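Take a look at the letters that make up each chain.
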Amino acid sequence: EELSKRGIPLALVSASQKAVVESFVQRLGLAKYFKVILGAEDTLQTKPHPDPYLKASEVMGIGVHECLAFEDSVTGLESAQSAGLHTVKALWFS
């Protein structure tokens, strides 16, 4: 919410099916915060390939080096790092 108030665009990049992700985000009341939501079917290759993050960056009109990814999986970290994003490893599932 704070990032949104500050005008910082947010993307949700998931290896799950987009319909599942969007349903979850809607139920939590978080959809309004994301400029883009990408699911597994939105790119030819999903995580750990860099395509999902490259597409999110492109759609948002932001260079990958201006992006920060919070990731909770090894494949997600690999995807974001290989795309050139700065990363933070979320430890809530560790």
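Look a little higher up for the structure.
A brief structural summary. (Residues numbered from 1 in each chain as written. Predicted model: local features only at pLDDT ≥ 70, side-chain atom pairs only at ≥ 80, totals over all residues. Heavy atoms only, no water.)

What follows is about the overall build of the chain. Scanning the chain for helices and strands turns up four helices and four strands. The helix and strand sequence of the chain, counted from the amino end, reads α-β-α-β-α-β-α-β. For 94 residues, the compact-globule estimate of 2.2 N^0.38 gives 12 Å, and the chain sits close to it at 13 Å. Expressed along its principal axes, the backbone C-alpha trace of the chain runs to roughly 30 × 30 × 25 Å. Among the 94 residues that make up the chain, the fraction classed as buried is 34%. For the chain, restricting intrachain contacts to residue pairs at least 6 apart in sequence, the fraction spanning at least 24 positions comes to 44%. By element, 57% of the accessible surface of the chain is carried by carbon and sulfur atoms, the whole surface being about 6000 Å². For the chain, the centre of its 9 positive side-chain charges and the centre of its 11 negative side-chain charges are spaced 7 Å apart. (Helix = DSSP H or I, 4+ residues; strand = E, 2+ residues; numbered from the N terminus. Rg over C-alpha atoms; globule rule 2.2 N^0.38 Å. Buried < 20%, exposed > 50% of the residue type's maximum accessible area, 1.4 Å probe, protein only. Contact = heavy atoms within 4.5 Å. Areas by Shrake-Rupley, 256 points an atom, 1.4 Å probe, with all protein chains shown as cover. Lys, Arg positive; Asp, Glu negative; His and termini not counted. Charge placed at Lys NZ, Arg CZ, Asp CG, Glu CD.)

This next bit is on the nonpolar core. Grouped together as the largest cluster of nonpolar side chains are 12 residues: V13, V36, L38, Y53, A56, M60, V64, C67, A69, A80, A83 and L85. Within the residue set of this core, elements represented by two or more residues are β2 (36–38), α3 (51–60) and α4 (74–83). Take this core: its biggest share by element is three residues, from α3. Ignoring anything within four residues of it in the chain, the contact list for A83 reads P50, Y53, L54 and V64. Counting residues in each nonpolar core, the second largest holds five residues, with L12, V21, A31 and I37 among its members. (Core = buried A, V, L, I, M, F, W, Y, C linked by side-chain atoms within 4.5 Å.)

Pairing analysis gives four bridges linking strand β3 (residues 68–71) to strand β4 (residues 86–89), with the strands arranged parallel. Residue pairing in the sheet places L68 in a bridge with H86 of β4. Handedness of the crossover joining β3 and β4 through α4: right-handed. (Pairing = 2+ DSSP bridges. Right-handed = clockwise from strand over helix to strand, strands pointing away.)

Turning our attention to the pattern of salt bridges. Taken as a whole and assessed by the stated rule, the structure comprises four salt bridges. For E1, the salt bridge goes to K5, with nearest N and O atoms at 4.0 Å. Exposure remark for K5: the relative accessible area of 62% places this residue in the exposed category. (Salt bridge = Lys/Arg side-chain N within 4 Å of Asp/Glu carboxyl O.)

So, on to the packing of α3 against α4. The N-to-C vectors of α3 and α4 enclose an angle of 55 degrees; their axes lie 7 Å apart at closest approach. In terms of orientation, α3 and α4 fall into the oblique class. With respect to the hand of their crossing, α3 and α4 are arranged in right-handed fashion. Contacts between α3 and α4 pair P52, Y53 and L54 from the former with G76, S79, A80 and A83 from the latter. Looking at the contact of α3 with α4, its residues break down into five nonpolar, two polar and no charged. (Axes fitted to C-alpha atoms, helices over the stretch in contact; angles between N-to-C directions. Parallel < 35°, antiparallel > 145°, perpendicular 65-115°, else oblique. Left-handed = near helix turned anticlockwise from the far one by under 90°. Nonpolar A, V, L, I, M, F, W, Y, C, P; charged D, E, K, R; others polar.)

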